[in-house]
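# Structural overview for review
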Amino acid sequence: MVDQKSKSVITLEEYIIQSQNKFPGAKGELSQLLRDIGLAAKIISREVNKAGITNILGEDGSTNVHGESVKKLDLFADEQLISALNRSEITCMVISEENDGIVDLDNDGGKYIVYLDPLDGSSNIDVNVSIGSIFSIYLRKNTSTKKLSEDDALQPGLQQVAAGYVLYGSSTLMAYTTGVGVSLFTLDPSIGEFILSNDDIKIPDYGSIYSVNEGNYKSWPEGLKKYVKYCQEVDDETNRPYSARYIGAMVADVHRTLMKGGIFIYPDSQEYPNGKLRLMYECNPLSMIIEQAGGMAIDGNGRVMEITPESIHQRTPIFIGSKQNVMKVKEFLDEHKDEK
Ligand code: P6P
């Protein structure tokens, strides 16, 4: 815990330095990397908040590796994050949703690999609904090999040294973890600083909100169909029926789940037989945050963060949120796993 009694306001930079001082051996490189991401987040937040009045809104005609149309803010966010990471020369490679392959930063001494979803939920940009940036940080695996390759980046989520997100909503929030709890900051635009708002967030053990795109109901696994019907039944003891909430931006739906409890689900479906969401730069970082806050994140069988990745853009189903809610959906999935 950071001593908050002595100061009413602690900035992201101060908090990172205070936290680093708890690890005497630390050279401050991870701290610098987190500060770099914080700076890029402020710049992206400024553009997101004025996107409606500049020509930055709308599509630039290109598409990302998944064939999804890319909005100009996606590219802007990608550029800002990569340039911020490049400046301190401690990151050797970036993998981003907006780039087909790895981005080798030519920082041969760089010890970190960073995965990015620069602007998650970008389809919400034009309708002024929350969007976010997600980051996941690993140590470079093979320091001996000069030439970086995807293999250096294919590490299970349990190997993440840090992870977090920025949520551009009614205010701009940044949450991150380095493996010792989850800290949350709110951007004060009047001073251009992220201010600590909670230095050890815990997700409620149980929640009454479920979050899934019910438009895909027909192609869900049978156990998920039965679980959603369970959520909709009346039972005062378990505070059912639950409320259904779905924003369509994973960062926003998972942040609400972190703060209020409940569960967010994106299962496999006919359109996405391996799930829609990306393992390395959506599911692993958000799973690290939720597990560090006391929740759970599974792919329908085991922990998301135990998946051994085979490709940098691979997808996975995800059931993430309060421990009791995730265990309950797992019961339904297991009970009906052989039914079509
Ligand atoms: P659907 C946004 O495009 C995204 O990758 C996630 O942020 C979000 O949770 C999901 O896709 C929404 O997908 O199929 O419900 O529109």
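Source: prediction; values computed, not measured. (Residues numbered from 1 in each chain as written. Predicted model: local features only at pLDDT ≥ 70, side-chain atom pairs only at ≥ 80, totals over all residues. Heavy atoms only, no water.)

Take the overall build of the chain next. Of regular secondary structure, the chain possesses eight helices and 15 strands. For the chain, the C-alpha atoms occupy an extent of roughly 55 × 45 × 45 Å along the three principal directions. Taking all 340 residues of the chain together, the buried fraction comes to 54%. With 34 positive and 49 negative side-chain charges, the chain shows a spacing of 2 Å between the two charge centroids. (Helix = DSSP H or I, 4+ residues; strand = E, 2+ residues; numbered from the N terminus. Buried < 20%, exposed > 50% of the residue type's maximum accessible area, 1.4 Å probe, protein only. Lys, Arg positive; Asp, Glu negative; His and termini not counted. Charge placed at Lys NZ, Arg CZ, Asp CG, Glu CD.)

With that out of the way, let us pick up the packing of aromatic side chains. Evaluation of the coordinates by the stated rule reveals 10 aromatic pairs. Pairing Y176 with F185 gives two aromatic rings, centres 5.9 Å apart and planes at 0 degrees, and the pair type is stacked. Of the two residues, Y176 and F185, neither departs from the other in class, the shared state being buried. Each residue in the set Y15, Y176 and F185 is aromatic and connected to the rest through ring pairs, giving one cluster. Over the ring of Y230 we find R240; its NZ or CZ atom is 3.8 Å from the centre of that ring. (Phe/Tyr/Trp six-rings, centres within 6.5 Å; stacked < 30°, edge-to-face > 60°. Lys NZ or Arg CZ within 6 Å of the ring centre and 35° of its normal.)

Before going further, it helps to examine the sheet that holds strand β13 (residues 263-266). In spatial order, the strands read β12-β11-β13-β15-β14; together these five strands make up an open sheet with mixed pairing. Unpaired on one side and paired on the other, β12 (243-244) and β14 (296-298) mark the two borders of the sheet. Pairing of strand β11 (residues 209-211) with β13, which is carried by two bridges, proceeds in the parallel orientation. Looking at β13, one finds that S211 is bridged to F264. Packed onto the sheet, helix α6 (residues 250-260) meets β11, β13 and β15 (318-321) and runs at close to 150 degrees relative to β13. Helix α8 (residues 323-335) contacts β13, β14 and β15 of the sheet and is inclined by roughly 150 degrees relative to β15. (Pairing = 2+ DSSP bridges. Contact = heavy atoms within 4.5 Å. Axes fitted to C-alpha atoms, helices over the stretch in contact; angles between N-to-C directions.)

Here we take up helix α7 (residues 279-292). The periodicity of an α-helix, 3.6 residues per turn, causes residues three or four places apart in sequence to face the same way. Most of α7 is tucked away, with 12 of its 14 residues classed as buried. Taken together, the buried positions of α7 are occupied by L279, M280, Y281, E282, C283, N284, P285, L286, S287, M288, I289 and I290. Taken from the residues just after α7, G294 is the one with a positive phi, measuring 100 degrees.

Around the ligand, a shell composed of 13 residues is seen, among which D120, N213, Y246, M250 and Y266 lie nearest. Between the ligand and D120, the relevant distance is 2.7 Å, taken from an oxygen atom to a side-chain nitrogen or oxygen of the residue. At 2.8 Å from an oxygen atom of the ligand is found a main-chain nitrogen or oxygen belonging to M250. For the ligand, whose unbound accessible area comes to 400 Å², protein coverage reaches 82%. Its residues assigned to classes, the shell around the ligand shows six nonpolar, three polar and four charged. (Near = heavy atom within 4 Å. Polar contact = N/O pair within 3.5 Å; in protein donor to acceptor, adjacent residues only side chain to side chain. Areas by Shrake-Rupley, 256 points an atom, 1.4 Å probe, with all protein chains shown as cover. Nonpolar A, V, L, I, M, F, W, Y, C, P; charged D, E, K, R; others polar.)

Tallied over the full model, the rule gives 17 salt bridges. Measuring nitrogen to oxygen at the nearest pair gives 3.7 Å for the salt bridge that ties E193 to K42. Of this pair, E193 sits in strand β10 (residues 193-198) while K42 sits in helix α2 (residues 29-49), placing them 151 residues apart in sequence. Residue classification places E193 among the partly exposed positions, given a relative accessible area of 24%. In this structure, E233 and R240 form a salt bridge, with 2.8 Å as the shortest nitrogen-oxygen distance. (Salt bridge = Lys/Arg side-chain N within 4 Å of Asp/Glu carboxyl O.)

Below, the discussion takes up the domain arrangement of the chain. Domain boundaries assigned for the chain yield domain 1 (12-200) and domain 2 (209-336). The interface is formed by 49 residues belonging to domain 1 together with 31 residues belonging to domain 2. The largest share of the area that domain 1 buries against domain 2 comes from L154, L158 and Y165, three residues that together contribute 19% of it. A salt bridge links R278 to E97; the nearest nitrogen and oxygen atoms lie 2.8 Å apart. (Domains from an automatic or database assignment. Buried area = accessible area lost by both parts, 1.4 Å probe.)

Let's shift gears to the UniProt feature "binding site: Mg(2+) 2" (unreviewed entry) in the chain. Those places that UniProt annotates as "binding site: Mg(2+) 2" (unreviewed entry) correspond, in this numbering, to D117, D120 and E282. In summary, the annotated positions, though distributed over 166 residues, converge in three dimensions, the widest C-alpha pair being only 8.3 Å. In this fold, D120 is placed in strand β5 (residues 112-120). A relative accessible area of 5% places D120 in the buried class. Dropping the residues within four chain positions of it, D120 is found in contact with I131, G132, I134, A249, M250, V251 and E282. Within the structure, the side chain of D120 is placed 3.1 Å from the backbone nitrogen of M250, a separation counted as a polar contact. Structurally, E282 is set in helix α7. Relative accessible area serves as the criterion here: at 2%, E282 is assigned to the buried category. (UniProt positions renumbered as here; feature names shortened; annotations may be inferred.)

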